[in-house]
Amino acid sequence: MSAVLDQHGHEHAHDHHPSGLMRWVTTTNHKDIGTMYLWFSFAMFIVGGVMALVIRAELFQPGLQVVNPEFFNAMTTYHGLIMVFGAIMPAFVGFANWQIPMMIGAPDMAFPRMNNWSFWLLPPAATLLIASFFMPGGGAGVGWTMYAPLTVQQGPAMDLMIFAVHILGMSSIMGSINIITTLLNMRAPGMTLMKMPLFCWTWLITAYLLIAVMPVLAGAVTMTLTDRHFGTTFFNAAGGGDPVLYQHIFWFFGHPEVYIIAIPAFGVISQVIPAFSRKPLFGYTSMVYATASIAILSFIVWAHHMYTVGMPTVGQLYFMYATMLIAIPTGVKVFNWLATMWKGSITFETPMLFALGFLFLFTMGGFSGLVLSLTAVDVQLHDTYYVVAHFHYVMVAGALFAAFAGVYYWFPKWTGKMYDEKLGKLHFWLSLIFFNVTFFVQHFLGLAGMPRRIPDYALQFTEFNMISSIGAFGFGLSQVFFFYVIVKAIRSGEKAPEHPWEGADTLEWTHLPTPAPYHSFETPPVVK
Amino acid sequence: MLAGAGAAALYAGAAGAALEWNFQTPATRTAAEVNDLHLLMMAIIFVIFVGVFGVMFYSIYAHRKSVGHKAEQFHENTTVEVIWTVIPFLILIAMAWPATRALLNIRDTAHPDITIKATGYQWKWGYDYLQGDGQGISFYSSLSTPRAQIEGAEPKGPNYLLEVDNPVVVPVGKKVRVLTTANDVIHAWYVPSLAVKQDAIPGFVRETAFRAEKEGTFRGQCAELCGKDHGFMPIVVEVVSEEKYAAWVAEQKKKMAAAADDPNKQWSLPELVARGEKVFAANCVACHQANGKGVPGAFPALAGSAFVNGPHDALLKLLLEGRKGTAMASFKQLTDTELAAVADYIRNSWGNANPEPVLPAQVKAAR
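Basis of the calculations
All residue numbers refer to position in the chain's written sequence, counted from 1. Here every chain gets a letter starting at A, and every ligand a number starting at 1, in the order they are written. This being a predicted model, a pLDDT of at least 70 is required before a residue's local features are given, and a value of 80 or more before pairs of side-chain atoms are given or counted; all residues contribute to the totals for chains, interfaces and linings. As a convention, hydrogens and water are excluded, and side-chain values are obtained from all of the structure's heavy atoms. Helix and strand assignments follow DSSP, with helices taken as H or I runs no shorter than four residues and strands as E runs no shorter than two, numbered in order from the N terminus. Each radius of gyration reported is based on C-alpha atoms, and the globular scaling rule is 2.2 Å times the count of residues to the power 0.38. Throughout this description, buried means an accessible area under 20% of the type-specific maximum (1.4 Å probe, protein chains only), exposed means over 50%, and partly exposed covers the range between. Contacts were defined at the residue level, with two residues in contact if any of their heavy atoms lie within 4.5 Å. Values of accessible area rely on a 1.4 Å probe in the Shrake-Rupley scheme; residue burial ignores everything except the protein chains shown. Helix span is expected to be 1.5 Å times the residue number reduced by one. We define a polar contact as two N or O atoms separated by no more than 3.5 Å, with the added condition that, inside protein, one atom must be a possible hydrogen donor and the other a possible acceptor, whereas residues neighbouring each other in sequence contribute only through side-chain atom pairs. A fitted line through C-alpha atoms serves as each axis, taken over the contacting stretch for helices, and the angle formed by two N-to-C directions is quoted from 0 to 180°. Reported orientations rely on four angle classes, namely roughly parallel under 35 degrees, roughly antiparallel over 145, roughly perpendicular from 65 to 115, and oblique for the rest. Crossings are sorted by hand: turned counterclockwise from the far helix by less than a right angle, the near helix makes the crossing left-handed, and turned clockwise it makes it right-handed. Residue type decides the class: Asp, Glu, Lys and Arg count as charged, Ala, Val, Leu, Ile, Met, Phe, Trp, Tyr, Cys and Pro as nonpolar, and the leftover types, Gly among them, as polar. Note: buried area is the sum, over both parts, of the accessible area (probe 1.4 Å) each one loses when the two are combined. Only one rule defines a salt bridge in this text: a Lys or Arg side-chain nitrogen within 4 Å of an Asp or Glu carboxyl oxygen. What pLDDT expresses is the predictor's confidence in each residue, scored from 0 to 100. Here a patch means residues that are over 30% exposed by relative accessible area and free of salt bridges, tied together within 9 Å if like-charged and within 5 Å if nonpolar (Val, Leu, Ile, Met, Phe, Trp, Tyr). Two rings belonging to Phe, Tyr or Trp (six-membered ring only in the last case) form a pair when the distance between their centres is within 6.5 Å. Interplanar angles under 30 degrees mark stacking, angles over 60 mark edge-to-face geometry, and anything in between is tilted. In this analysis the charged atom, NZ for Lys or CZ for Arg, is taken to sit over a ring once it is within 6 Å of the ring centre and within 35 degrees of the ring normal. Paired strands are those between which DSSP finds at least two bridges. For the domains described, the bounds stem from an automatic or database domain assignment. All tallies of charge rest on Lys and Arg as positive and Asp and Glu as negative; His and the ends of each chain are not included. Cavities and pockets were defined on a 1 Å grid built over protein atoms only: a cavity is a set of grid points that admits a 1.4 Å probe from which the probe cannot escape, a pocket is an open set flanked by protein on both sides within 12 Å along at least five of seven lines, and lining residues are those with an atom within 4 Å of any such point. Grid points are joined across faces, edges and corners, and a volume is the space filled by probe spheres set on the points.

Participant: Looking at this structure, how should I read the overall build of chain A?
Facilitator: Scanning chain A from N- to C-terminus turns up 19 helices and two strands. In terms of overall size, chain A behaves like a compact globule, its C-alpha atoms giving a radius of gyration of 23 Å where 528 residues would be expected to give roughly 24 Å. C-alpha atoms of chain A, sized along the principal axes, occupy 70 × 50 × 45 Å. For chain A, the proportion of its 528 residues judged to be buried stands at 67%. Contacts in chain A between residues at least 24 apart in sequence constitute 81% of all its contacts with a sequence separation of at least 6. Carbon and sulfur atoms make up 72% of the accessible area of chain A, which totals about 16900 Å².

Structure below.
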C-alpha cells in the first residue's frame, strides 16, 4: 500500500509544477524554501548594512553632519533589529532547510506546508518594520532592545515594530517545530542521534532554544503594547510596575538569542573544518555536550546585560560566576576545532578561509567576553563601544563569517556550479581586513569611555571613529562584491565536479549527485 | 593590543595630541582597582592567545596538504579533553577572587560624607545635595556647548559635548554617595575616571559611590539611550579642596537665596515673557525649537497652536502633568513663577499674542 502511495506522490510532484512567481509562492520544497530564506536574508543584510553605513557616516567626524539625532537613533534601532531578525536568523534557517533533509537522508521537511508559511510570514514582517519608518514621527529610536519606558513615548512606529516582532516570532516557532520534528522522526535507517552531522545537532538545540524564548519576547513587547494603549503599568512605577522588569524579560529572551545565532554557526564550522582538514571532527560527543551546555547556561546568565540597573550585590555575583562558566564549553569547542585541524591535511579554499577567520575572530570575541564577564570591569564598559565591538566580533565575524563559509561550501551542491575561487578568496581577505579595521578600534573607544548610541562625540574619540567608518564602508563594499561573486557563479560559473571537496563525507556529498536533484532521498539511504 | 599601541603612537605623532585608547586615568581607588583587574585579565588572555593561536597557526603551517602532510584519522582523546576542560575551570576560579573583591568595593556605598541625588531628565541632569556639607543646594546641569559648534558653524572647543553650565562640585577625599533616579525614561550616570556608572530609573532610587583621591575636573555622559538628545547630556564633576568646597557652598546658598522669587512681587507681562524666554531655552527648546515650530510629526508646533492660545487652565495642566504616551514630560519641578513665565512666553511669541498674562498665583492654584 505504501509503495503505491509513494509512486503516486512521486508522479504528482512532477505533474503539477507551477512555474514563475507561483512556483515560489506555493512551493513546499525544502530546497526552494531554503533558497528563498537565503535571498531574503541577503536582501535584509543589504538594508541593515546601508543603515550601518548611515551610522558610520554620521560618526566619521564630530558634530552633526548627515542626519539628525532622531533619525540616528532610528538607524541604530532598525540596523540591530533587521540584522538580528531579518538577516542572520533567516540565513541559518535557510541552511537548515537546504541541509537538514539532505544530511539525514529525508525527502523533505516534516511539515512542508508549514515550512512555506513560516517563510512567507517574513516578508510581511519586514514590510511592517520598514513601513514603521514612514509613520508620523518617523521610525522608533529606542534601540533594538526596545527598553521601556522610552518605548512608551514613541509614535505609531513602535506599534508596527511590535507587530513585526510578533510575526517574526511566529515564523521562528513554526520553523523550529518543523526542524525538531524532522530531526527526531525522519532520519534515515541506521542514523542514530549520535551519528547525525554536527550541523543537525546544533539546529536541534537551537530550535529548542527558539521555542523556549520567542514567546518570552512576544510577551515583553505585548506588555509594552498594552502599557502604550490600554492603561496597564507593567513598566511604570507610578502604577506599581517596574521599568527594569522589561529588561529582565527581554534578556531572558535576549541571551539565548545570542546562542540562537551562534550555535548554528558552530554547526556550519563543524562541517567545514573537518572537510578541509580531511580528518573527522575531533571530540564529536563532547561537541554535542558542549553545545547543549552552552544552550542550558544561556538561560541562567541573562542579567549580565544589566549590571548597572542596581541589582543586589549577591545577584551580580551569581550572574558573574554563571557567566564565567560559559567560557568552559565555548573553550572546549574551540579546542576541538583546533584538534580537528591538528595533523590533518589542510587546504585553504574559500569556505575553509572563512572558517579559520571565524575561529580566530570568534575567539577574540570570546576574549572580550571574558573581560566583560568581570562585573566590576563590565560596569565601566557597559553601554560603551567596547560592548559594540564585542558583539560584532561574535555576530559578524562569528555568525556572518560562518554563513559565508556555509554558502561557499554548499554552493556547488545547491547550484551545480563552482564559484570563482580567486574571487571568493578576495572576498574573504577584504571582509577580514575591513572587519577588523571597523571593529577592533571600537574596543579602544569603549575603554576610553565613548557611550554607544550617540550621534555625536567628544573630540578625543575622533581618530578611532574615522578609522572605524573607513573600515565600515570597505566592509560594505566587500559585501556588494560578494553579491557579484555569487551572481557571476550562478550565471556563468563552471560546472561543479561531482565531489568538489575531497574531505566532505556527509550524506548530501556521498549519496546525492551534484547539483542535488529537486527531490532527493525519496527512498532513504541506509547508514552504517 | 600591540597593533593598537602602534596605531596610537602613530596618531599621537600625527595629530599632536594623546589618543585615548585605554581606561581614563583613575581618580578613585576603585577605578584603579578596575584598571588592575582589566590588566590582569588581559595578561591571562595574552597567554591564552599565544597558546591557542600558536597551535592554530602551527597547524596551518605544518599540516598543509600542499607540503604533503597526510591526514591522521584520530578523533578523540579523553585525557586531552579532560585537561582542556579542567584548566580553564581553574583559571576561572583564580579570576573569581579578585573579581569578587573589586565588585564588593565598587558596591560599597556605606557611611557617605555627602549624599547627592542625581535626577535624569530628557535631556539634562538635576542635582540635589541631600546630606553633608552643602545640604539643600539644588540645581540643573545642562550641556553648555553652543549649538553652532555642534552644527559646525564654529570651531569645536576642547571640551566639546563634555561641558555643562553647572558642574557637580565635591570635596576631595570625601566619600560621595550618588542616588540616581529619573523623571521620564531610564538614563545612566557615568563618569569613567571615577568608575561609576549607575542607571537612573524613573520611580526608583539606585545608589553608587566614589571617593575622589585627587582634585580635578572629571567628565562623563549619560550612558543609557534616553531619546533624541541622549548624546547631549554630559556630566561634569569638579573635585576641589575642602576650603574651595566650603566657599562654593556659601556662594551657592547666596545665589539660591537671591534667585528665589519674592512671592509678593507683582509681575508685568513683559517681565514674565523675558523670564519665560530663559525658562524655554533651558527646558523646551530641544523639542519645540527656538522658532516654536517644533519638529513636524514628532514634536508639535507652539507657534499658532490653538491649544497654546486657548484657555490657560488646560495649558497649565499640561505643563504640570505632561502628556502620557509622548515625550511631553511633567514640568512640575519648575517654580510657579517659572511656569507662569514660560506660559506667557509661548503665548506671546512667534506671532502668538495673548495680552492677559498668566500669573504665578494661577499656577499655584492649578497645582
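The rest of the description comes next.
Participant: Quick question: what am I supposed to make of helix H3 (residues 30-58) of chain A here?
Facilitator: Each α-helix winds once per 3.6 residues, and so residues spaced three or four apart point in a common direction. Here H3(A) spans 42 Å end to end across 29 residues, near enough to the 42 Å set by a 1.5 Å rise per residue. Between a side-chain oxygen at the N-terminus of H3(A) and the backbone nitrogen of Lys31(A) the separation is 2.6 Å; the capping residue is Asn29(A).

Participant: How should the packing of helix H4 (residues 69-104) of chain A against helix H8 (residues 157-185) of chain A be read in this particular structure?
Facilitator: In a packed pair of helices, the relevant descriptors are the angle between the two axes and the axis-to-axis distance. Residues and elements named next belong to chain A. In the contact formed by H4 and H8, the axes pass within 11 Å of each other and the chain directions differ by 15 degrees. Accordingly, the angle class assigned to the pair H4 and H8 is roughly parallel. Taken as a pair, H4 and H8 cross one another with a handedness that is left-handed. Contact residues: Thr77, Tyr78, Leu81, Phe85, Met89, Ala96, Ile100 and Ile104 in H4; Ala157, Met161, Leu168, Ser172, Ile179, Thr182 and Leu183 in H8. The residue makeup of the contact of H4 with H8, split by class, is 12 nonpolar, three polar and no charged.

Participant: What am I meant to see in the interface of chain B and chain A here?
Facilitator: By a frequent convention, interface size equals the accessible area lost on bringing the separate parts together. Tallying the contact residues gives 99 residues for chain B and 99 residues for chain A. For the chain B and chain A pair, buried surface summed over both sides reaches about 8600 Å², with 69% attributable to carbon and sulfur atoms. Three residues stand out in chain B for area buried against chain A, namely Trp84(B), Lys197(B) and Leu225(B), and they jointly supply 8% of the buried area on that side. In this structure, the connection of chain B to chain A is made through one salt bridge. Our count for the contact surface shared by chain B and chain A stands at 28 residue pairs in polar contact (both at pLDDT 80 or more).

Participant: Any chance you could explain the pattern of salt bridges here in plain terms?
Facilitator: Note on pairing: side chains with opposite charge can pair once their charged atoms come close. Within the structure shown, the criterion is met by 15 salt bridges over all chains. The residue Lys65(B) makes a salt bridge to Glu502(A) at a minimum N-O spacing of 2.8 Å. A residue pair is termed interchain when its members come from two chains, as with Lys65(B) in the loop between helix H2 (29-62) and helix H3 (78-106) and Glu502(A) in the loop between strand S2 (494-495) and helix H19 (507-510). On the basis of relative accessibility, which here comes to 35%, the residue Lys65(B) falls in the partly exposed class. On the basis of relative accessible area, Glu502(A) is assigned to the exposed category, the value being 54%. Across the pair Glu207(B) and Arg177(B) runs a salt bridge whose closest N-O atoms are separated by 3.1 Å. Taken together, the residues Glu207(B) in strand S8 (residues 206-211) and Arg177(B) in strand S5 (residues 175-182) connect sequence positions 30 residues apart. Since its relative accessible area comes to 33%, Glu207(B) is described here as partly exposed.

Participant: What am I meant to see in the confidence of the model for chain A here?
Facilitator: In the predicted model, chain A carries a mean pLDDT of 93, and 97% of its residues have values of at least 70. Within the model, pLDDT remains below 50 along residues 1-13 of chain A, and this stretch shows two contacts once partners closer than five positions in the same chain are excluded.

Participant: Would you explain the environment of Val396(A) in this entry?
Facilitator: For Val396(A), the position within the fold is in helix H16 (residues 385-415). Separated by 56 residues in the primary sequence, Val396(A) and Thr340(A) place their C-alpha atoms 24 Å from one another.

Participant: Help me understand the environment of Phe276(A), please; the structure alone is not making it clear to me.
Facilitator: Residue and element names in this part refer to chain A. Counting through the fold element by element, phenylalanine 276 comes out in helix H10 (residues 243-277). A residue is classified by how much of its surface remains accessible, and phenylalanine 276, at 1% relative accessible area, is buried. With 69 residues separating them in the primary sequence, phenylalanine 276 and serine 345 have C-alpha atoms 7.6 Å apart. The residues touching phenylalanine 276, leaving out its near neighbours within four places in the chain, are Ser345, Ile346, Thr347, Glu349, Pro351, Met352, Tyr409 and Trp501.

Participant: Where do I start with a nonpolar patch on the surface in this structure?
Facilitator: On the surface, a nonpolar cluster with roughly 500 Å² of combined accessible area is contributed by Leu325(A), Val82(B), Val86(B), Phe89(B), Leu90(B) and Ile93(B). Considering each element in turn, the nonpolar patch owes the most residues, five residues, to H3(B). Within the secondary structure layout, Val82(B) lies in helix H3.

Participant: Whenever I open this one, the packing of aromatic side chains confuses me. Can you help?
Facilitator: Describing an aromatic ring pair means giving the distance of the ring centres and the angle of the ring planes. Tallied over the entire structure, the rule returns 77 aromatic pairs over all chains. Judged by centre distance (6.1 Å) and plane angle (90 degrees), the ring pair of Phe40(A) and Phe119(A) falls under edge-to-face. Residue Phe40(A) is found in helix H3, and its partner Phe119(A) is found in helix H5 (residues 112-120); the two are separated by 79 residues along the sequence. For the residue pair Phe40(A) and Phe119(A), the accessibility class agrees, reading buried in each case. Taking NZ or CZ as reference, Arg23(A) lies 4.3 Å from the ring centre of Trp24(A), over its face. We note Lys156(B) situated over the ring of Tyr160(B); from NZ or CZ to the ring centre the distance is 5.2 Å.

Participant: Even after reading the chapter, I still don't get the pairing of strand S7 (residues 196-200) of chain B, so can you show me in this structure?
Facilitator: Two faces belong to every sheet, and in a regular strand the side chains alternate between them. All names here are of chain B. Counting buried positions along S7 gives five out of five residues, so the element sits mostly inside the fold. Neither face of S7 is left uncovered, since the one carrying Val196, Gln198 and Ala200 and the one carrying Lys197 and Asp199 both have all their residues buried. Where strand S6 (residues 187-191) and S7 come together, five bridges link them in antiparallel fashion. Within S7, the position partnered with tyrosine 190 by the bridge is lysine 197. Connecting the antiparallel pair S6 and S7 is a turn made up of four residues, with alanine 195 showing a positive phi of about 60 degrees.

Participant: Sorry, what's going on with the domain arrangement of chain B here?
Facilitator: Parsing chain B into structural domains produces domain 1 (2-63 + 77-106), domain 2 (114-259) and domain 3 (269-366). Centre-to-centre separation of domain 1 of chain B and domain 3 of chain B, based on C-alpha positions: 54 Å.

Participant: For this particular structure, what's the right way to read the sheet that holds strand S1 (residues 114-121) of chain B?
Facilitator: In sheet architecture, strand pairing relies on hydrogen bonds along the backbone and comes in two forms, parallel and antiparallel. Residue and element names in this part refer to chain B. Pairing is mixed across the open sheet formed by five strands, whose spatial order is S3-S2-S1-S5-S8. Each edge of the sheet is formed by a strand with only one pairing partner; in this case those strands are strand S3 (138-141) and S8. Sheet twist, expressed as the average angle between the axes of neighbouring strands with direction ignored, equals 25 degrees.

Participant: I tried to follow the pairing of strand S9 (residues 216-222) of chain B on my own but got confused; where do I start?
Facilitator: Inspection of the sheet shows S6(B) paired to S9(B) by two bridges, in the antiparallel sense. In the strand pairing of S9(B), Trp189(B) is matched with Cys222(B).

Participant: Can you walk me through the side chain of Asp199(B) in this structure?
Facilitator: Tracing the backbone shows Asp199(B) in strand S7. Of the buried charged residues, Asp199(B) lacks a salt bridge, with Arg206(B) as the closest side chain of opposite charge at 7.5 Å. A polar atom in the side chain of Asp199(B) sits 2.8 Å from the side chain of Thr308(A). If sequence neighbours within four positions are ignored, Asp199(B) has contacts with Thr308(A), Val309(A), Thr180(B), Ile186(B), His187(B), Ala188(B), Arg206(B) and Glu224(B).

Participant: Got a minute to help me understand empty space enclosed by the protein in this structure?
Facilitator: Gaps between atoms show up when a probe of the same size as a water molecule is rolled over them. Residue and element names in this part refer to chain A. Tallying each qualifying case throughout the model produces four cavities of 30 Å³ or more. Looking at the largest cavity, its volume works out to about 130 Å³. In this structure, the largest cavity is lined by 14 residues; those nearest its centre are Met89, Pro90, Val93, Ser171 and Ser172. Mapped by element, the contributors of at least two residues to the lining of the largest cavity are H4, H8 and helix H9 (198-229).

Participant: Just checking my understanding: could you explain the sheet that holds S6(B) for this structure?
Facilitator: All names here are of chain B. Reading across the sheet, the five strands line up as S4-S10-S9-S6-S7 and stay open at both edges, with mixed pairing between neighbours. Across the chains shown, the open sheet's two edge strands, defined by having one partner strand only, are strand S4 (168-171) and S7. With strand direction ignored, the average angle separating the axes of adjacent strands in the sheet is 20 degrees.

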